[in-house]
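# Structural overview
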Amino acid sequence: ELKKTKAEIERFAAEEGAQLYEELKDYDKTANSYIEEFWNASYTNFQGPLVLNVNPIFVLEDDPTPSRNNQIARASSLILSSLKFIRALRHEKLSPDMWKKTPLCMSQFRYLFGSA
């Protein structure tokens, strides 16, 4: 099974993979992001319930500061932090997200708030 898988990978890399790579390099000459066009088309043309099937989610951990673990203080802290983030985003003051030592594309961040 391993030999068969390796052979299929080599075949793909030499045939479809090589062609797809050339197409991707051509696309890179005109696009800001590999996913932006796909994401916008998928999001705006999606026929299912967007909230459940398309929107990303995150889970909030407990606040590590004990004095902010009551509901009002926690909500206030989250709202203030969100507003600070939005302000930094809109004024282009965010440090780039990094992968190892490579900055990642953050052009999609502008769609996080006020895009509905």
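Reading guide: rules and limits
Residues numbered from 1 in each chain as written. Predicted model: local features only at pLDDT ≥ 70, side-chain atom pairs only at ≥ 80, totals over all residues. Heavy atoms only, no water. Helix = DSSP H or I, 4+ residues; strand = E, 2+ residues; numbered from the N terminus. Buried < 20%, exposed > 50% of the residue type's maximum accessible area, 1.4 Å probe, protein only. Contact = heavy atoms within 4.5 Å. Areas by Shrake-Rupley, 256 points an atom, 1.4 Å probe, with all protein chains shown as cover. Salt bridge = Lys/Arg side-chain N within 4 Å of Asp/Glu carboxyl O. Axes fitted to C-alpha atoms, helices over the stretch in contact; angles between N-to-C directions. Parallel < 35°, antiparallel > 145°, perpendicular 65-115°, else oblique. Nonpolar A, V, L, I, M, F, W, Y, C, P; charged D, E, K, R; others polar. Expected span 1.5 Å × (residues − 1). Arc of directions from axis to C-beta. Polar contact = N/O pair within 3.5 Å; in protein donor to acceptor, adjacent residues only side chain to side chain.

Below, the discussion takes up the overall build of the chain. Counting its regular elements, the chain contains 5 helices and 2 strands. For the chain, the N- to C-terminal ordering of α and β elements is α-α-α-α-α-β-β. When each of the 116 residues of the chain is scored for burial, the buried share is 9%. Counting only contacts in the chain whose residues sit at least 6 apart along the sequence, the fraction spanning at least 24 positions is 27%. For the chain, the accessible area works out to roughly 10,600 Å², and carbon and sulfur atoms hold 59% of it.

In this structure, Arg-74 sits in helix H5 (residues 71–90). Assessed through its relative accessible area of 18%, Arg-74 is described here as buried. Apart from the residues lying within four places of it in its own chain, the contact partners of Arg-74 are Leu-60, Glu-61, Asp-62, Asp-63 and Arg-68.

Inspection of the entire model under this criterion finds 5 salt bridges. Each of Glu-8, Arg-11, Glu-15 and Glu-16 takes part in one network of salt bridges that share partners.

A separate point is the packing of helix H1 (residues 2–14) against helix H2 (residues 16–28). For the pair H1 and H2, the least separation of the axes is 3 Å and the interaxial angle reads 40°. The angle between the axes of H1 and H2 places the two elements in the oblique class. Along the contact surface, H1 presents Arg-11, Phe-12, Ala-13 and Ala-14, while H2 presents Glu-16, Gly-17, Ala-18 and Leu-20. Its residues placed into classes, the contact of H1 with H2 shows 5 nonpolar, 1 polar and 2 charged.

A separate point is H5. Under the 1.5 Å per step criterion, the end-to-end length of H5 is 28 Å for 20 residues, consistent within 8% with the ideal 28 Å. Every buried residue belonging to H5 is among Arg-74, Ser-77, Ile-86, Ala-88 and Leu-89, and all of these are buried. Buried residues along H5 cover an arc of 165° about the axis, so they all sit on one side. H5 presents Ile-72, Ile-79, Leu-83, Lys-84, Arg-87 and Arg-90 as exposed residues on the side facing more than 90 degrees away from its buried surface. Regarding H5, its N-cap is Asn-70, as a side-chain oxygen of that residue lies 3.2 Å from the backbone nitrogen of Ile-72 further along. Just downstream of H5 lies Glu-92, where phi reads positive at about 55°.

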